[in-house]
Amino acid sequence: MYSDSADLYGTVLAVQANFYRVGIDLGSDREILLCTRRARLKKIGQTVMVGDRVRVEEADFVDKQGAIVEVCPRKTEIDRPPVANAEQVLLVFAIEEPSLDAWQLSRFLVKAESTGLDIILALNKIDLVSSEAIEEWRKRLRDWGYEPFFVSVAEDRGISELLARLNAKITLLAGPSGVGKSSLINRLIPDVSQRVGEVSGKLQKGRHTTRHVELFALAEDSGFLADTPGFNQPDLDDGPDRLAWYFPEARERLEGGNCQFNDCTHRNEPNCVVRGDWERYEHYLEFLEESIERESTRQRTPEEESSLKLKIRGAGVATYEPKLESKKYRRHSRRGQHQARERYENQSLQNIDNDDEDW
Ligand SMILES: Nc1nc2c(ncn2[C@@H]2O[C@H](COP(=O)(O)OP(=O)(O)OP(=O)(O)O)[C@@H](O)[C@H]2O)c(=O)[nH]1
Ligand SMILES: [Zn+2]
């Protein structure tokens, strides 16, 4: 039915060991083939990542297999979780159950900003709160520089508007536990077989490890949602000098004027344009302490620098992050820092424990 010589392209949906699950573009249909990578690609050092656009040869639609012979240039590349061509991050939080926590939200937002990708914020479970509560958050988050989607997966409110924003793009899904991410995936991707995947028995292993990424094709368009447990550890390990740029409120101030000192940390320096009475300035200070602490730890143990975990190309931003540091690292116990760390550890211990178990 399909000739080998025809150019077939597809998107890598999942990777494990030496196999790649590739969703082949066939008009409105999407066939999934389990592919190997041609030895030549390995020889030239060409890796294949989830999200890659690839050319496939020797496609066999009966046995559902093929070989990847070429990888198209990447628009973006994130190393942890490893995804190519993602354009945006969809951050999901619940407005209640669990209650929306400004500090935790801020942390996820900063982490998402550090990727350089566009951010979409969705606040779920609006069925549990009054319209006044929604308006309060809308106003508050507008001051932070965000216009969230207010949705209820349970009552199917706001979902189609959100879906429209996911059109034709690869979107990373992230958010804390219990906010409704799985429910949202189930709503957006009604085809269960697609979620589980016929050929993915092997690939199912390690589903919940932090480096596991899998793309789900969205109904009705060519977009994909990446379920990325690894992104749900909002460890902030970019250098302190970038941090202010990850707060839209601070970014706006920095774009509108200059601090007196080029290396201003925006704490006590004179003539600082960032310091001020914006709500999240306290979050900035708290995250900054942590970032400075991390950086000095990194300098004491330079070998850790070799393991960079996040890298973005395109969009003019290049960011490098070190690998997650182990739990044995302890900060000095300034009270605020300590609390921050405890809160963070509590929310991410499970992910840390699972880290890399399959890689
Ligand atoms: N009231 C209400 N409950 C919801 C809504 N969406 C999801 N839930 C419930 O919230 C709970 C958590 O939903 P999940 O989809 O499992 O959340 P999750 O983000 O995938 O959680 P993890 O798997 O822990 O990461 C479930 O009991 C859902 O039924 C909603 O819009 N309104
Ligand atoms: Zn400053």
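A quick note: this is a predicted structure, and the numbers were derived from the prediction, not measured.

Scoring rules and cut-offs
Residues numbered from 1 in each chain as written. Chains lettered and ligands numbered in written order. Predicted model: local features only at pLDDT ≥ 70, side-chain atom pairs only at ≥ 80, totals over all residues. Heavy atoms only, no water. Helix = DSSP H or I, 4+ residues; strand = E, 2+ residues; numbered from the N terminus. Areas by Shrake-Rupley, 256 points an atom, 1.4 Å probe, with all protein chains shown as cover. Salt bridge = Lys/Arg side-chain N within 4 Å of Asp/Glu carboxyl O. Buried < 20%, exposed > 50% of the residue type's maximum accessible area, 1.4 Å probe, protein only. Near = heavy atom within 4 Å. Polar contact = N/O pair within 3.5 Å; in protein donor to acceptor, adjacent residues only side chain to side chain. Nonpolar A, V, L, I, M, F, W, Y, C, P; charged D, E, K, R; others polar. Donors = N, O, S within 2.8 Å, 3.2 Å for Na, K, Ca; no water. Tetrahedral: all angles 85-135°; square planar, octahedral: opposite > 155°, others 65-115°. Arc of directions from axis to C-beta. Core = buried A, V, L, I, M, F, W, Y, C linked by side-chain atoms within 4.5 Å. Contact = heavy atoms within 4.5 Å. Phe/Tyr/Trp six-rings, centres within 6.5 Å; stacked < 30°, edge-to-face > 60°.

A. Here's a closer look at the overall build of the protein. Along its length, the protein carries eleven helices and 15 strands. Accessible surface for the protein amounts to roughly 17100 Å². Of this, 46% is attributable to carbon and sulfur atoms.

B. Focus on the pattern of salt bridges. Applying the stated rule across the entire model yields 21 salt bridges. Taking the shortest distance from any N to any O, the salt bridge between D7 and R55 comes out at 3.7 Å. With D7 in the segment before strand 1 (8-16) and R55 in strand 4 (residues 53-60), the pair connects residues that are 48 residues apart, well separated along the chain. Take D7: its relative accessible area is 52%, and that puts it in the exposed class.

C. Broad picture of the site of ligand 1. The environment of ligand 1 is formed by 15 residues, the closest being D127, S177, K181, S182 and S183. In the environment of ligand 1, an oxygen atom lies 2.8 Å from a nitrogen or oxygen atom belonging to the backbone of G178. The contact in question runs from an oxygen atom of ligand 1 to an N or O atom on the backbone of V179, over 3.2 Å. Per-element tally for the shell around ligand 1: the top contributor is helix 5 (residues 181-188), with three residues. Residue classes in the shell around ligand 1 are distributed as five nonpolar, seven polar and three charged.

D. Representation of the coordination of the zinc ion (ligand 2) in the model. Only C259 (SG), C264 (SG), H266 (ND1) and C272 (SG) from the protein coordinate the zinc ion (ligand 2), and they sit 2.1 to 2.4 Å from it. Considering all four donor atoms around the zinc ion (ligand 2), angles at the metal cover 103 to 114 degrees and the coordination shape is tetrahedral. Mapped onto the polypeptide sequence, the residues donating to the zinc ion (ligand 2) form the spacing pattern C-x4-C-x1-H-x5-C.

E. Examining the environment of N268 more closely. Mapped onto the elements of the fold, N268 is located in the loop between helix 9 (248-256) and helix 10 (281-300). For the pair N268 and S131, spaced 137 residues apart in sequence, the C-alpha to C-alpha distance is 40 Å.

F. Focus on helix 5. Of the positions making up helix 5, those classed as buried are K181, L184, I185 and L188. Looking down the long axis of helix 5, one finds its buried residues gathered within 100 degrees of arc, a one-sided arrangement.

G. Focus on the nonpolar core. In this structure, V22, V56, I68 and L91 are the most contacted members of the largest nonpolar core, which totals 53 residues. If one sorts the elements of this core by residue count, helix 2 (residues 102-113) sits on top with five residues. For L91, the contacting residues outside a window of four places in its chain are F108, L109, A112, I120, L121, A122, A174 and G175.

H. Representation of the packing of aromatic side chains within the structure. If you walk through the whole model with that rule in mind, you get seven aromatic pairs. With 5.2 Å between their ring centres and 85 degrees between their planes, F93 and F108 make a pair best called edge-to-face. Of the two residues, F93 is situated in strand 8 (residues 86-94) and F108 in helix 2; the sequence distance between them amounts to 15 residues. We note that F93, like F108, is buried.

Geometric values such as these leave the question of function open.
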